[in-house]
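Structural features, examined
Here are the chains, one letter per residue:
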Amino acid sequence: MADLVNLDRCPVYASFFGAMGCACSIVFTVFGASYGTAKSAGAIFSSGVIRPDRLMQNTLCAIMAQILSIYGLVASVIISGALREKMALYTGFLQLGAGLAVGLCGLAAGFAIGIVGDAGVRASTQQPRLYVGMVLILIFAEVLGLYGVIVAILMLTRSGIGATECTW
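Because the structure is predicted, anything quoted here is derived from the model rather than measured.

Reading the values: rules and limits
- Residues numbered from 1 in each chain as written.
- Predicted model: local features only at pLDDT ≥ 70, side-chain atom pairs only at ≥ 80, totals over all residues.
- Heavy atoms only, no water.
- Phe/Tyr/Trp six-rings, centres within 6.5 Å; stacked < 30°, edge-to-face > 60°.
- Buried < 20%, exposed > 50% of the residue type's maximum accessible area, 1.4 Å probe, protein only.
- Helix = DSSP H or I, 4+ residues; strand = E, 2+ residues; numbered from the N terminus.
- UniProt positions renumbered as here; feature names shortened; annotations may be inferred.
- Patch = residues over 30% accessible without salt bridge, like charges linked within 9 Å, V, L, I, M, F, W, Y side chains within 5 Å.
- Areas by Shrake-Rupley, 256 points an atom, 1.4 Å probe, with all protein chains shown as cover.
- Salt bridge = Lys/Arg side-chain N within 4 Å of Asp/Glu carboxyl O.
- Axes fitted to C-alpha atoms, helices over the stretch in contact; angles between N-to-C directions.
- Parallel < 35°, antiparallel > 145°, perpendicular 65-115°, else oblique.
- Contact = heavy atoms within 4.5 Å.
- Nonpolar A, V, L, I, M, F, W, Y, C, P; charged D, E, K, R; others polar.

Given two aromatic rings, their pairing is described by the distance between the two centres and the angle made by the two planes. With the rule as written, the count across this model stands at four aromatic pairs. Ring centres of Tyr-13 and Phe-17 lie 6.2 Å apart, and the angle between their planes is 75°; on these two criteria the pair is classed as edge-to-face. For Tyr-13, a relative accessible area of 46% corresponds to the partly exposed category. Between Tyr-35 and Phe-111 the ring centres are 4.7 Å apart and the planes differ by 80°, which places this aromatic pair in the edge-to-face class. Highlighted residues: Tyr-35 in helix α2 (residues 14-50) and Phe-111 in helix α4 (residues 89-126), separated in sequence by 76 residues. Since its relative accessible area comes to 31%, Tyr-35 is described here as partly exposed. Among the aromatic side chains, those forming a connected cluster through ring pairs are Tyr-13, Phe-16, Phe-17 and Phe-93.

See the structure below:
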């Protein structure tokens, strides 16, 4: 009877879910980072024509968007370090959930950073006093990605606790 329990809880395809979580975390956060960078870069360069002295100051949006990809990289490295050929299905599902949490939060944060960065850079080029407000809103958008990393780390720390040992 114990062998049947292990077969149900430790199927050969369990590591597939962990690998998908690893891939989803980096792919979705990179999509978000690239969108945020591309969307804000158009405003940065067009505003640089009007006010070239503010060009480096306005690159903050693109830098913040790239931080999102680091979040995905951290989660992918943690997940890949725990991948095994034989692992519990519970662990694989938690790894998939963690990868999706950080990936989709990073994607949403990238969209927010891109849209805020585009409008904020254009507005602060015409009225420099709006720059501080833009930075605050960018921080709020960036925190969305950070929430995903926190949830992913919490899920990954729970993925080994109470899981079936797959030793065969």
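Per the UniProt record, "domain: V-ATPase proteolipid subunit C-like" (unreviewed entry) is annotated on residues 20-79 and 96-155. As annotated, residues 20-79 comprises 85% helix and 0% strand, and the C-alpha atoms at either end are separated by 10 Å. Between the C-alpha atoms that bound residues 96-155 the distance is 10 Å, and the span itself is 93% helix and 0% strand.

Turning to a nonpolar patch on the surface, a few remarks are in order. Residues Ile-63, Ile-67, Ile-70, Val-74, Ile-78 and Ile-153 make up a contiguous nonpolar surface patch of about 460 Å² in total accessible area. Ranked by residue count, the leading element in the nonpolar patch is helix α3 (residues 60-82), at five residues. By secondary structure assignment, the location of Ile-63 is in helix α3. Relative accessible area serves as the criterion here: at 49%, Ile-63 is assigned to the partly exposed category.

Taken N-terminus to C-terminus, the directions of α2 and α3 make an angle of 175°; their axes are 8 Å apart at the nearest point. In terms of orientation, α2 lies roughly antiparallel with respect to α3. On the side of α2, the interface is formed by Gly-18, Gly-21, Cys-22, Ser-25, Ile-26, Thr-29, Val-30, Ala-33, Gly-36, Thr-37, Ser-40 and Ile-44, while α3 contributes Cys-61, Ala-62, Ala-65, Gln-66, Leu-68, Ser-69, Gly-72, Leu-73, Ala-75, Ser-76, Ile-79 and Ser-80. For the contact of α2 with α3, the residue count by class is twelve nonpolar, twelve polar and no charged.

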